[in-house]
Amino acid sequence: MASSVGKVELRPLGNTGLKLSCVGFGASPLGNVFGPVSEDDAIASVRQAFRLGINFFDTSPYYGGTLSEKVLGKSLKALGVPRNEYIVSTKCGRYAEGFDFSADRVTRSIDESLARLQLDYVDILQCHDIEFGSLDQIVNETIPALQKLKEAGKIRFIGITGLPLGIFTYVLDRVPPGTVDVILSYCHYSINDSTLDDLIPYLKSKGVGVISASPLAMGLLTESGPPEWHPASSELRSACKAAAAYGKEKGKNISKLALQYSLSNKDISSVLVGMNSIRQVEENVSAAIELANNGKDEETLSEVEAILKPVKNQTWPSGIQQS
Ligand code: NAD
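Within any chain, residue numbers begin from 1 and follow the written order of that chain's sequence. Since the coordinates come from a predicted model, pLDDT governs what is reported: local features require at least 70, and pairs of side-chain atoms require 80 or more to be given and counted, while whole-chain, interface and lining totals use all residues. Side-chain measures here rest on the full set of heavy atoms in the structure, leaving out hydrogens and waters.

- Per an unreviewed UniProt entry, the protein chain is named Aldo/keto reductase/potassium channel subunit beta, and its organism is Parasponia andersonii.

Shown next, in the form of C-alpha cells:
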C-alpha cells in the first residue's frame, strides 16, 4: 500500500547536521508497553519503516525493562544496511528499578545499552524524564558525564527529555551553549495540547533541535483508546474519546488527523510515533505524504478542536518538581 506513495521528508535537527525523517519510529511499543508485540512483528515493522524512509528510531532502557532496546537492536541488525543509514537515540537515568542520574550510573548505562542494541555508538543519548531527578545534578553532573561519552565516541549528541516544559529552560539556561544538542518533549504538540509551540522560539535561539513525541497523546487520540496506565484525567479521556468517535462517524481517522497536526509544524524536526505493526507504519507514512501533497484536513480539524476545547492544554503532574 504505502510503498507506492513515496518516502517521508527529512528535516534538519538543530545544529547537529543530522537529518531526521519527520516521522520517527517510537520503539516503546517494542517493549510491550501498549500490549504484547511479537518479535516477528517488531522486525517487520522496523523493516517497513526503513523502506518507507523512516531513518530515526528512539528507545530507552526503561521501555519494557530493557526489552525495547534488545528488540530494536535485533530489528536494526536484520536490516543489513550500513550503520550511517539510520539514526538511533536511547536514554539514560530512568530504569525499571527507578531513577539514577549519577555520572557513574549513566556511564555504565551507555555500555549496557550499546550491548543490547548491538551498536558501537548511538547518535543521541538523552537524560530520560529529568523532572524526576535533581535538575542541578543534571546540569552539574549528568551532562558533563555525557560529554565524556561524546569524547569517547560512544554517543554523537546529547539530549534531555521530560513532560513539564519548564525543565528545558531550567537546564538550557545553565549549561554552556552547545552542550545540550536536542530536547525531546512529549504530549505537548498534539490537537489537545500544543503548549510546546511557545517554547520553540527560545529553543531555536539556542540552536537546540526539537523532537516531539506522542502525537497521539499516548493513545488518547486513537480509535481504540489509551492503555490503563495513562495518566490523563477522566475529563480529558472522555473528550478525546468523543473526538475519536466524531471522526469515525465522519469517516475520518483521529490518529491520522492528530499525526498530521503535529507534522505540520516544520520547526519540529521529527514527530515520534509509537508503532507496533506494518499497518501502523504504513498508515503513519501515508498520513505524512498525504499532508505534504494536500495539506491538513482543516474542516475536520476545526471540528475536532471544538470538541477538545474544554480540555485544551490540560496536562497531568509529572516528577518531583514542577519548574
Ligand atoms: P503515541 O502518541 O505515539 O501513541 C502510541 C500508541 O498509538 C500505540 O498504542 C500505537 O500502537 C498507537 N498507534 C500508532 N500509530 C497508530 C495508527 N496509525 N492508528 C492507531 N493507533 C496507532 O505515544 P508513544 O508511543 O508514547 O510516543 C511515541 C514515542 O516517543 C515512544 O515510543 C518513545 O520512543 C517516545 N517517547 C519518549 C518519552 C520520553 O522520553 N519521556 C515520552 C513519551 C514518548
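**What about the packing of helix H8 (residues 254–263) against helix H10 (residues 298–308)?**
Line of reasoning, step 1. At a closest axis distance of 11 Å, the pairing of H8 and H10 adopts a crossing angle of 100°. By the angle class used here, H8 and H10 are roughly perpendicular. Along the contact surface, H8 presents Ile254, Leu257 and Tyr261, while H10 presents Thr300, Leu301, Val304 and Glu305.
Line of reasoning, step 2. For this classification, Asp, Glu, Lys and Arg are treated as charged, while Ala, Val, Leu, Ile, Met, Phe, Trp, Tyr, Cys and Pro are nonpolar and the rest, including Gly, are polar. A breakdown of the residues in the contact of H8 with H10 according to their chemical character gives five nonpolar, one polar and one charged. Between N-to-C directions, angles cover 0 to 180 degrees, with each direction set by a line fitted to C-alpha atoms, over the stretch in contact for helices. By definition, any uninterrupted DSSP run of H or I lasting at least four residues is a helix, any uninterrupted run of E lasting at least two residues is a strand, and each is numbered from the N terminus. Should an angle fall under 35 degrees it is called roughly parallel, over 145 degrees roughly antiparallel, and 65 to 115 degrees roughly perpendicular, with every other angle called oblique. Only heavy atoms enter the contact rule, under which two residues are in contact if any of them lie within 4.5 Å.

**A short note on the nonpolar core**
Line of reasoning, step 1. The criterion is simple. A nonpolar core is a set of buried Ala, Val, Leu, Ile, Met, Phe, Trp, Tyr and Cys residues joined through side-chain atoms within 4.5 Å. The buried label goes to any residue with under 20% of its type's maximum accessible area, the exposed label to any with over 50%, and the partly exposed label to all in between, with areas taken from a 1.4 Å probe on protein chains only. Of all hydrophobic cores here, the largest spans 106 residues; its most connected members are Phe25, Phe57 and Ile160.
Line of reasoning, step 2. In terms of residues, this core owes the most to one element, helix H4 (residues 135–151), which gives seven residues.
Line of reasoning, step 3. What Phe25 contacts, discounting residues up to four positions off in sequence, is Leu30, Ser45, Val46, Ala49, Ile54, Phe56, Phe57, Asp58, Leu272, Val273, Met275 and Val281.

**Considering the site of the ligand**
Line of reasoning, step 1. Residues are labelled near a given molecule or strand when at least one of their non-hydrogen atoms is within 4 Å of it. Around the ligand, the structure places 29 residues, and the nearest of them are Ser28, Asp58, Asp129, Gly274 and Asn284.
Line of reasoning, step 2. A 3.5 Å cut-off defines polar contacts: any pair of N or O atoms within that distance qualifies, except that in protein one atom must be a possible hydrogen donor and the other a possible acceptor, and neighbouring residues in sequence count only when both atoms are side-chain atoms. Between the ligand and Ser28 there is a distance of 2.7 Å, counted from an oxygen atom to a side-chain nitrogen or oxygen.
Line of reasoning, step 3. Contacts to the ligand include Ala217, whose backbone N or O atom sits 3.3 Å from an oxygen atom.
Line of reasoning, step 4. With residues, only the protein chains shown are counted as cover, and all accessible areas are computed by Shrake-Rupley using a 1.4 Å probe. Contact with the protein chains covers 92% of the free accessible surface of the ligand, which is 840 Å².
Line of reasoning, step 5. When contributions to the shell around the ligand are tallied by element, the ones reaching two or more residues are strand S10 (182–186), strand S12 (270–274) and helix H9 (278–294).
Line of reasoning, step 6. Of the residues that constitute the shell around the ligand, the class distribution is 13 nonpolar, 12 polar and four charged.

**Here's the deal with the packing of helix H3 (residues 103–117) against H4**
Line of reasoning, step 1. Contact geometry of H3 with H4 gives a least axis separation of 9 Å together with a crossing angle of 35°. Remark: the crossing between H3 and H4 carries right-handed chirality. Between H3 and H4, the residues in contact are Ala103, Val106, Thr107 and Ile110 and Glu141, Thr142, Ala145, Leu146 and Leu149, respectively.
Line of reasoning, step 2. Here the contact of H3 with H4 is composed, by residue class, of six nonpolar, two polar and one charged. In this scheme the crossing of two helices becomes right-handed for a clockwise turn of the near helix relative to the far one and left-handed for an anticlockwise turn of less than a right angle.

**Description of the pairing of S12**
Line of reasoning, step 1. Of all the five residues making up S12, four are buried; the element is thus mostly covered by neighbouring parts of the structure.
Line of reasoning, step 2. Summarising the sheet, strand S3 (residues 23–26) and S12 pair through four bridges and their orientation is parallel. Pairing of Phe25 across the sheet is with Val273, part of S12.
Line of reasoning, step 3. Paired strands, in this sense, are two strands between which DSSP finds at least two bridges. In terms of strand pairing, strand S11 (residues 209–213) meets S12 through three bridges, oriented parallel. Residue pairing in the sheet places Ala213 in a bridge with Leu272 of S12.

**Description of unusual backbone geometry**
Line of reasoning, step 1. For Cys187, which is not glycine, the phi torsion reads 60° and is therefore positive.
Line of reasoning, step 2. Tracing the sequence through the fold places Cys187 in the loop between S10 and helix H6 (200–205).
Line of reasoning, step 3. Look at Cys187 and you get buried, because its relative accessible area is 5%.
Line of reasoning, step 4. In this model, Ala217 sits at a positive phi of 50°, which is unusual for a non-glycine residue.

**Things to note about H8**
The periodicity of an α-helix, 3.6 residues per turn, causes residues three or four places apart in sequence to face the same way.
Line of reasoning, step 1. Among the 10 residues in H8, nine count as buried, and that is most of the element.
Line of reasoning, step 2. Within the span of H8, buried status applies to Ile254, Ser255, Leu257, Ala258, Leu259, Gln260, Tyr261, Ser262 and Leu263.
Line of reasoning, step 3. On its buried side, H8 packs onto strand S1 (10–12), S3, helix H7 (234–249), S12, H9 and H10.
Line of reasoning, step 4. The N-cap residue of H8 is Asn253: its side-chain oxygen and the backbone nitrogen of Ser255 are 2.8 Å apart.

**Let's talk about the pairing of S11**
Side-chain positions along a regular strand alternate between the two faces of the sheet.
Line of reasoning, step 1. Across the five residues that make up S11, a large majority, five, are buried.
Line of reasoning, step 2. Of the two faces of S11, the one carrying Gly209, Ile211 and Ala213 and the one carrying Val210 and Ser212 are both buried.
Line of reasoning, step 3. Look down the strands so they point away from you; if the path from the first strand over the helix to the second goes clockwise, the crossover is right-handed. Chirality of the crossover, the property in question, places the unit of S10, H6 and S11 among those that are right-handed.

**Some thoughts on the pattern of salt bridges**
Line of reasoning, step 1. Only one rule defines a salt bridge in this text: a Lys or Arg side-chain nitrogen within 4 Å of an Asp or Glu carboxyl oxygen. Scanning all chains against the criterion turns up 19 salt bridges.
Line of reasoning, step 2. Between Asp104 and Arg108 there is a salt bridge; the shortest N-O distance is 3.6 Å. Of this pair, Asp104 and Arg108 both sit in helix H3, four residues apart, which is roughly one turn of the helix.
Line of reasoning, step 3. Using a relative accessible area of 41% as the deciding quantity, one classes Arg108 as partly exposed.
Line of reasoning, step 4. Within this structure, Glu9, Arg11 and Lys266 form a network of salt bridges that share partners.

**Points about the packing of aromatic side chains**
Line of reasoning, step 1. In summary, the pairing rule links any two rings of Phe, Tyr or Trp, Trp by its six-membered ring, whose centres are within 6.5 Å, and it sorts them by plane angle into stacked for under 30 degrees, edge-to-face for over 60 and tilted for everything else. The tally for this structure, following the rule as stated, stands at six aromatic pairs.
Line of reasoning, step 2. The interplanar angle of 40° and the centroid separation of 5.5 Å between the aromatic rings of Phe25 and Phe57 together place this pair among those described as tilted. Remark: Phe57 occurs in strand S4 (residues 56–58) and Phe25 occurs in strand S3; sequence separation between them is 32 residues.
Line of reasoning, step 3. For Phe25, a relative accessible area of 0% corresponds to the buried category.
Line of reasoning, step 4. Aromatic side chains Tyr62 and Tyr63 sit 6.4 Å apart centroid to centroid with 55° between the ring planes, which places their arrangement in the tilted category.
Line of reasoning, step 5. According to the relative accessible area criterion, Tyr63 is buried, its value standing at 17%.
Line of reasoning, step 6. Lysine NZ or arginine CZ positioned within 6 Å of the ring centre and within 35 degrees of the ring normal marks a charge as sitting over the ring. Positioned over the ring face of Tyr170 is Arg174, at 3.6 Å from the centre of the ring.

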